[in-house]
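Below are the chains, spelled out letter by letter.
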Amino acid sequence: MRNEVYTAVSVDGTRESNDKIRGKGAYDKALHAVKKLSENGILDCIVTTMNKYNLKDYEHVVQLAEEYKARMVVFHNLVPVGRAGSNMPDLAPSPEEYEGAFNNIYDLQVKYAGKVHVNVYAPFYARIVRERNPFDFWDWFQNGFLGKCTIGGNYVSVTENGDYRSCGFNEDYRLGNVKYKSLRSTWNELQRSDLHLKLRDKSNIKGKCGVCEYREICGGCRTRAEYYTGDLFESDPACAYIPKVLREENEEQVITQTT
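Residues numbered from 1 in each chain as written. Predicted model: local features only at pLDDT ≥ 70, side-chain atom pairs only at ≥ 80, totals over all residues. Heavy atoms only, no water.

### Section: the sheet that holds strand S3 (residues 72-76)
Pairing between sheet strands relies on hydrogen bonds along the backbone, with the strands arranged either parallel or antiparallel. One open sheet accounts for four strands, arranged S1-S2-S3-S4; its pairing is parallel. Looking at which strands have only one partner, the edges of the open sheet turn out to be strand S1 (7-10) and strand S4 (117-121). Across the sheet, the mean angle from the axis of one strand to that of its neighbour is 25°, orientation sign disregarded. (Pairing = 2+ DSSP bridges. Helix = DSSP H or I, 4+ residues; strand = E, 2+ residues; numbered from the N terminus. Axes fitted to C-alpha atoms, helices over the stretch in contact; angles between N-to-C directions.)

### Some points on the pattern of salt bridges
One pass over the full model with this rule turns up 14 salt bridges. Close ionic contact of Glu171 with Arg165 constitutes a salt bridge, the shortest N to O distance being 2.8 Å. We note a salt bridge from Glu189 to Lys181, for which the minimum N-O separation is 3.0 Å. Residue Glu189 is classed as partly exposed on the basis of its relative accessible area, which comes to 38%. (Salt bridge = Lys/Arg side-chain N within 4 Å of Asp/Glu carboxyl O. Buried < 20%, exposed > 50% of the residue type's maximum accessible area, 1.4 Å probe, protein only.)

### Details of unusual backbone geometry
Leaving glycine aside, a negative phi is the common case for residues, and trans is the common case for peptide bonds. If you check the backbone angles, Lys69 has positive phi at about 60° while not being a glycine. Mapped onto the secondary structure, Lys69 falls in the loop between helix H3 (58-67) and S3. Residue classification places Lys69 among the exposed residues on the basis of a relative accessible area of 68%.

### Some thoughts on the sheet that holds strand S5 (residues 157-158)
If you trace the three strands from one edge of the open sheet to the other, you get S5-S6-S7, paired in antiparallel fashion. Two strands lie at the open edges of the sheet, namely S5 and strand S7 (174-177), each paired on one side alone.

So, in structure tokens, the structure goes:
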């Protein structure tokens with residue numbers, strides 16, 4: 001019986017931009033791992049965390065994936081937890097930088113289609129694709145998109161100490177431990193959790209995320225919203241998009257002020 005083994009390697013851009021974050025020599029070590037895994041046919045994915053230093057280097061990562069026959073590249077938006085939150089508070093791109101970067105990634109997704117599957121772990125990338133490719137959007141959203149927010153009860157991970165949690169980034173919402181509770185019972189409890197049911201219902205989201213016409217396909221990152229605002233249900237501050245209803249309100253105010 002052969003075990004299916006898949007691996008991922010983090011490469012955050014070129015040697016220069018990667019090592020600026022991960023330390024001198026980190027790029028070469030990651031590239032060595034990429035080559036070895038590729039030689040053995042088990043390189044599944046190259047992962048890049050988006051930050052303000054690597055915004056122009058994303059095609060380099062996709063080219064590495066193509067060269068070494070990785071199936072997929074995944075671009076993660078930066079969620080300020082762990083080292084990114086405590087030691088590097090200014091690492092995150094601005095909302096406008098995210099907007100440009102996501103459009104660039106969409107171009108790469110189209111350019112490398114059939115060669116490397118380019119995906120994004122960020123809720124508001126769904127809006128970019130909806131705007132740019134409305135005809136094929138729903139098939140992609142249902143079957144190919146990785147970036148849906150999971151904290152509403154659609155996901156369980158296990159941490160290094162055996163704790164269950166409902167978000168791969170959020171450290172605060174633990175669901176018990178593998179020593180005392182089975183995965184099945186944890187999952188069933190999660191589906192009945194008042195908090196997670198409330199998070200799943202996106203009508204509970206506040207601010208501009210709450211009135212956005214793309215709310216149901218996006219809704220923002222709840223963990224990032226909590227980090228910056230202290231409220232799990234507030235708007236995700238990393239998104240540059242202004243919802244239609246707010247644009248119309250501003251236009252009405254301008255007309256009123258000028259008449």
